[in-house]
Amino acid sequence: VPYDDTTYECFCDPGYYDDGGGNCVLNTGESCDNPIYLSGAGLVESTLDGLEDITESWCTESGSPDRFYYFDLIEDTYVSLVVWPAQDDSDGGVEYDGGAEYDGGPGLQDWSPVLDVRTDCEEYYSELDCVYAWNNYGTVLSAGTYYIVVGSAGGEPGGYGMIYDL
């Protein structure tokens with residue numbers, strides 16, 4: 001959008017941020033400044049490894065690393081979210097099997113991800129709910145912008161999968 005004959009202001013699509021040099025860069029979800037944009041329905045496969053403790057939550061230990069997401073609703077909408085720990089596979093990689101039942105058996109990481117739904121990314125007191133692994137967050141939310149913070153119940157990092165339907 002031109003200000004005058006020589007100056008332009010750039011706008012990035014949802015899920016991207018302006019790096020200050022006129023480039024739109026994909027959000028990494030490492031802070032509230034660059035949460036990952038979600039829309040529709042889908043599966044996220046990610047990790048908390050290497051991330052920092054950015055914000056507090058009612059259901060995570062102090063020091064828990066965080067990954068941030070956001071979504072916009074234009075009308076009252078039923079929202080469904082489920083998060084679970086990734087399963088180590090025999091090749092040393094990670095398997096994201098949302099259909100597997102948690103039985104505490106071998107192969108599952110010794111940690112539990114949680115998801116926190118809030119109206120203000122940085123303020124834990126704006127939490128609408130905090131849901132532990134394998135539990136469904138399902139409710140009707142009013143039009144607006146919402147944030148999901150994925151953290152760890154015990155403070156340890158690890159891989160996770162999350163299904164969303166917005």
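Description of the structure in this document. None of the values given here were measured: they were computed from a predicted structure. (Residues numbered from 1 in each chain as written. Predicted model: local features only at pLDDT ≥ 70, side-chain atom pairs only at ≥ 80, totals over all residues. Heavy atoms only, no water.)

1. As for the overall build of the protein
So, step 1. A tally of helices and strands in the protein yields zero helices and 13 strands.
So, step 2. For the protein, the succession of helices and strands along the chain, N to C, is β-β-β-β-β-β-β-β-β-β-β-β-β.
So, step 3. For the protein, buried positions account for 40% of its 166 residues.
So, step 4. Across the protein, the fraction of contacts at a sequence separation of at least 24, relative to all contacts at a separation of at least 6, is 70%. (Helix = DSSP H or I, 4+ residues; strand = E, 2+ residues; numbered from the N terminus. Buried < 20%, exposed > 50% of the residue type's maximum accessible area, 1.4 Å probe, protein only. Contact = heavy atoms within 4.5 Å.)

2. Here we look at unusual backbone geometry
So, step 1. Phi is positive for Trp134, which is not a glycine, with a value near 75 degrees.
So, step 2. Along the chain, Trp134 turns up in the loop between β10 (127–132) and β11 (137–141).
So, step 3. A residue is classified by how much of its surface remains accessible, and Trp134, at 27% relative accessible area, is partly exposed.

3. Quick look at the state of the cysteines
So, step 1. Applying the stated rule across the entire model yields three disulfides.
So, step 2. There is a disulfide in this structure between Cys32 and Cys121, and the S-S distance comes to 2.1 Å. Between Cys32 and Cys121, the S-S torsion sits near -85 degrees, and that sign places the bridge as left-handed. Of this pair, Cys32 sits in the loop between β2 (24–26) and β3 (36–37) while Cys121 is found in the loop between β9 (113–118) and β10, placing the two residues 89 residues apart along the sequence.
So, step 3. Given the relative accessible area of 5%, Cys121 is considered buried.
So, step 4. A disulfide bridge connects Cys59 with Cys130, and the sulfur atoms are separated by 1.4 Å. Of the two residues, Cys59 is situated in the loop between β4 (41–47) and β5 (67–73) and Cys130 in strand β10; the sequence distance between them amounts to 71 residues. Summarising the burial analysis for this pair, Cys59 and Cys130 share the class buried. (Disulfide = S-S within 2.5 Å.)

4. Here's the deal with the pattern of salt bridges
So, step 1. Summed over the entire model, instances satisfying the criterion amount to two salt bridges.
So, step 2. Among the ionic pairs, Arg118 bridges to Asp116, the shortest N-O distance being 2.4 Å.
So, step 3. Looking at Asp116, the relative accessible area reads 1%, which means it is buried.
So, step 4. When the shortest N-O distance is used, the salt bridge between Arg118 and Glu127 registers 3.6 Å.
So, step 5. Three or more residues are tied together by salt bridges with common partners; here these are Asp116, Arg118 and Glu127. (Salt bridge = Lys/Arg side-chain N within 4 Å of Asp/Glu carboxyl O.)

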